[in-house]
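What follows is the residue order along each chain.
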Amino acid sequence: MNQKTMRLRVLLWLPFALASTCVTAQTTSAAPPAGRLLASNCFQCHGNNGKSNIGFERLAGSSSSEIYNELREMRSKVPPKMMDMHARGYSDAQIRLIADYLSKQR
Amino acid sequence: MNRRDFFRLASMAGIGASTAGLTGLVNAATPAQLGTVPTNTGISGRVVVIGGGMAGATVAKYLRLWGGTGVSVTLIERETAYNSNILSNLVLSGQRSMTSLQFGYSNLATRYGIRLVKGDVSAIDPVGHSVSLADGSKLPYDRLVVAPGIDFDTIAGLETPAAQARVLHAWKAGTQTTQLRNQLLAMKPGGVFAMTIPAKPYRCPPGPYERACVVADWLKKNRAGSKVIVLDANPGITAEPLAFTNAFEVVHKGVIEYHPGVSISSIDASTMTLNSNLGSIKANVINAIPAHKAGKVVIDNGLANVGGRWAGVDVLTYQSTAAPGIHVIGDASATTQPKAGHIANQEAKICADAIVRLLAGRSPDPSPITNSACYSPITADTASWLTAVFAYDPVSRTMQPVPGAAGEAAARSQDNYKEMIKWFNTLMEDSFA
């Protein structure tokens, strides 16, 4: 397929693509828990919902303030270890959401 | 083979792989720790996933964990187990066996109720919303996730199967990894191992440099006087420049010879000669990693709308910009993020979350974050690391590195090496267990 046909094809699909991401059908399901998607960035090393016991520190069930404060302290550690670098990637509000979500996991 | 036979085979392979690849971790984690599929989320839909690598396995698992039993998930995969690319360079040094890096699919089936279909996709019908398999069967979907990983260009001179059997890439872990190990074992002291690195984007940015280090370290101890010649198509080291510059100039000085900006015009497998802008280079072993493109199913089905090689996606949902209802995740998609297993796992979660929301009539999360992380062995017992956090930028509609949240280890260390093994186990648990 050449560049032009490809562009054309993209343009033709665009309205459908937009329509399908902007669905506003009625729903009876509960909204996903706040912070879950953000916290899922922790799962690769700390297990699903922070419950792993095979690797790095278990996070599930720690108090929200404990997780929040620890992540905030990590931001200023020099030289940064890997987790210290990660902590620098989130705003205070995002860290709060992550900490709240993980603290509720049992 | 009928479907029942496949399930029997798949679960056998899964059990074999569990004892090998997931040693010490499956036994340690209980179902409650791993997570269970909820029953009454009120969300329903049929999702088909093509490809059971890091991205495909993770999206299948999290679609069930977050979508519940109403979201049926079918995973199409042609192999009976996944061969991890992560840590596969350690097969070259004899520190890992390839079977210790295999992960079966039985956990996904038994723990999360994912339907496994072993087979090859022959076509995607984006209008009729179905996937046809080579055996003639057809799978309808509401949402399709395509995660085939990468495919390679052919290097001039390596067109025949015989040439490809002599000059290996070993860049899709598996048989070729073990074969490359055997080629190393057959080297004599004072030999030459030459490897080529393709231009970006390619899978696992630090991976080729890591391979040069692992091979050099092994040759030093086992084939004295040997050299590793690294021929890089890129203008310089593309990842962990601090760690690898130190590795090439200090740790493996006199063994690794690094050449940036090299273009390979052809390789002659019968004389083991590389022809390049540096002239002809002869070697005892040539490990040529060709230029990458998205897996065949992406190219064949009109999804490769970025340069004809990669799938353009909206990174809020990973929905294809070429076809609605189809999502492309992992190495096959064109994003600003690296092509690697750890971040593919996170792309899969963003995609699973978005699909669950879309099936429920909601909008995707407007501000997703992903993280990339990996460890790179520099010697047999030290490693370095690299990480970056990416956040959605609504202006460019791309994932952009968060300033100050990306970088590499200050120095290689034995602690990093130990952490690498822990990270590997937990990452594979999150994706396959």
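Residues numbered from 1 in each chain as written. Chains lettered and ligands numbered in written order. Predicted model: local features only at pLDDT ≥ 70, side-chain atom pairs only at ≥ 80, totals over all residues. Heavy atoms only, no water.

Colleague: Explain the overall build of chain B to me, please; I cannot follow it from the model alone.
Modeller: Helix and strand counts for chain B stand at 12 helices and 25 strands. The proportion of buried residues among the 433 residues of chain B is 60%. Across chain B, every contact between residues at least 6 apart in sequence was considered, and the portion connecting residues at least 24 apart equals 69%. If you sum the accessible surface of chain B, you get close to 15,400 Å²; carbon and sulfur atoms cover 54% of it. (Helix = DSSP H or I, 4+ residues; strand = E, 2+ residues; numbered from the N terminus. Buried < 20%, exposed > 50% of the residue type's maximum accessible area, 1.4 Å probe, protein only. Contact = heavy atoms within 4.5 Å. Areas by Shrake-Rupley, 256 points an atom, 1.4 Å probe, with all protein chains shown as cover.)

Colleague: It is not clear to me how the interface of chain B and chain A should be interpreted in this structure. Could you clarify?
Modeller: The extent of an interface is frequently quoted as the accessible surface area lost upon association of the parts. Each side of the interface is counted separately: chain B has 64 residues, and chain A has 46 residues. For the pairing of chain B and chain A, the buried interface totals around 4,400 Å² over both sides, and the portion due to carbon and sulfur atoms is 59%. Applying the counting criterion to the chain B and chain A interface returns 1 salt bridge. Its salt-bridge partner being A:Arg36, residue B:Asp353 comes within 3.9 Å of it at the nearest N-O pair. If you look at where chain B meets chain A, you find 14 residue pairs in polar contact (both at pLDDT 80 or more). (Buried area = accessible area lost by both parts, 1.4 Å probe. Salt bridge = Lys/Arg side-chain N within 4 Å of Asp/Glu carboxyl O. Polar contact = N/O pair within 3.5 Å; in protein donor to acceptor, adjacent residues only side chain to side chain.)

Colleague: Hey, could you run me through a negative patch on the surface in this one?
Modeller: Residue and element names in this part refer to chain A. A cluster of like negative charges, contributed by Glu57, Glu66, Glu70 and Glu73, occupies part of the molecular surface. Of note, Glu57 is situated in the loop between α3 (43–46) and α4 (64–74). The exposure class assigned to Glu57 is partly exposed, which follows from its relative accessible area of 42%. (Patch = residues over 30% accessible without salt bridge, like charges linked within 9 Å, V, L, I, M, F, W, Y side chains within 5 Å. Lys, Arg positive; Asp, Glu negative; His and termini not counted. Charge placed at Lys NZ, Arg CZ, Asp CG, Glu CD.)

Colleague: Just to check I follow, could you spell out the nonpolar core for this structure?
Modeller: Buried together is how nonpolar side chains tend to be arranged in soluble globular proteins. Residue and element names in this part refer to chain B. In this structure, Val146, Phe193 and Val298 are the most contacted members of the largest nonpolar core, which totals 147 residues. Tallying contributions element by element places helix α3 (residues 54–67) first for this core, with 9 residues. In terms of domain composition, this core takes at least three residues from each of domain 1 (3–151 + 293–365) and domain 2 (156–290). Once you skip the residues sitting within four places of it in the chain, Val146 turns out to touch Ile50, Ile124, Val297, Val298, Leu303, Ile326, His327, Val328 and Ile329. Core analysis: the next-biggest nonpolar cluster, separate from the first, contains 17 residues, Val262, Ala269, Met272 and Ala288 among them. (Core = buried A, V, L, I, M, F, W, Y, C linked by side-chain atoms within 4.5 Å. Domains from an automatic or database assignment.)

Colleague: Explanation requested: the packing of aromatic side chains in the structure shown.
Modeller: When we look at a pair of aromatic rings, we describe it by the centre distance and by the angle of the planes. Applying the stated criterion across every chain yields a total of 12 aromatic pairs over all chains. Taken together, the ring pairs in this structure connect B:Tyr82, B:Phe103, B:Tyr105, B:Phe424 and B:Phe432 into an aromatic cluster. The positively charged end of A:Arg96 is found above the aromatic ring belonging to A:Tyr68, 3.8 Å away from the centroid. Of note, B:Lys422 hangs over the ring of A:Phe56, and the distance from its end group to the ring centre comes to 4.7 Å. (Phe/Tyr/Trp six-rings, centres within 6.5 Å; stacked < 30°, edge-to-face > 60°. Lys NZ or Arg CZ within 6 Å of the ring centre and 35° of its normal.)

Colleague: Explain helix α6 (residues 92–103) of chain A to me, please; I cannot follow it from the model alone.
Modeller: Count 3.6 residues to each turn of an α-helix, and residues three or four apart come out pointing the same way. Between its first and last C-alpha, α6(A) extends 16 Å over 12 residues, near the 16 Å set by a 1.5 Å rise per residue. For α6(A), the complete set of buried residues consists of A:Gln94, A:Ile95, A:Ile98, A:Ala99, A:Tyr101, A:Leu102 and A:Ser103. Elements that come into contact with the buried residues of α6(A) comprise α2 (36–39), α3, α4 and α5 (82–87) of chain A together with β23 (369–377) of chain B. (Expected span 1.5 Å × (residues − 1).)

Colleague: Would you take a moment to explain the pairing of strand β24 (residues 383–393) of chain B for this structure?
Modeller: It is a general feature of regular strands that their side chains alternate between the two faces of the sheet. Residues and elements named next belong to chain B. Extensive coverage of β24 is indicated by the burial of 8 of its 11 residues. Relative to β24, β23 runs antiparallel, the two being bridged by 9 bridges. Bridged to Pro377 within β24 is Ala383. Hairpin connection of β23 to β24: 5 residues between the antiparallel strands. Looking at chain direction, β24 and strand β25 (residues 398–408) are connected through 7 bridges and run antiparallel. Paired with Leu386 across the bridge in β25 is Glu408. Here β24 folds back onto β25, and the loop between the two strands holds 4 residues, one of which, Arg397, carries a positive phi near 55 degrees. (Pairing = 2+ DSSP bridges.)

Colleague: In this structure, what is going on with the sheet that holds β25(B)? I would like to understand it.
Modeller: Paired through backbone hydrogen bonds, the strands of a sheet run either parallel or antiparallel to each other. All names here are of chain B. Here we have 3 strands laid out as an open sheet, ordered β23-β24-β25, and antiparallel in their pairing. Both outer strands of the open sheet, β23 and β25, are each paired with one neighbouring strand and no more. In this sheet, neighbouring strand axes are inclined to one another by 20 degrees on average, regardless of whether the strands run parallel or antiparallel. (Axes fitted to C-alpha atoms, helices over the stretch in contact; angles between N-to-C directions.)

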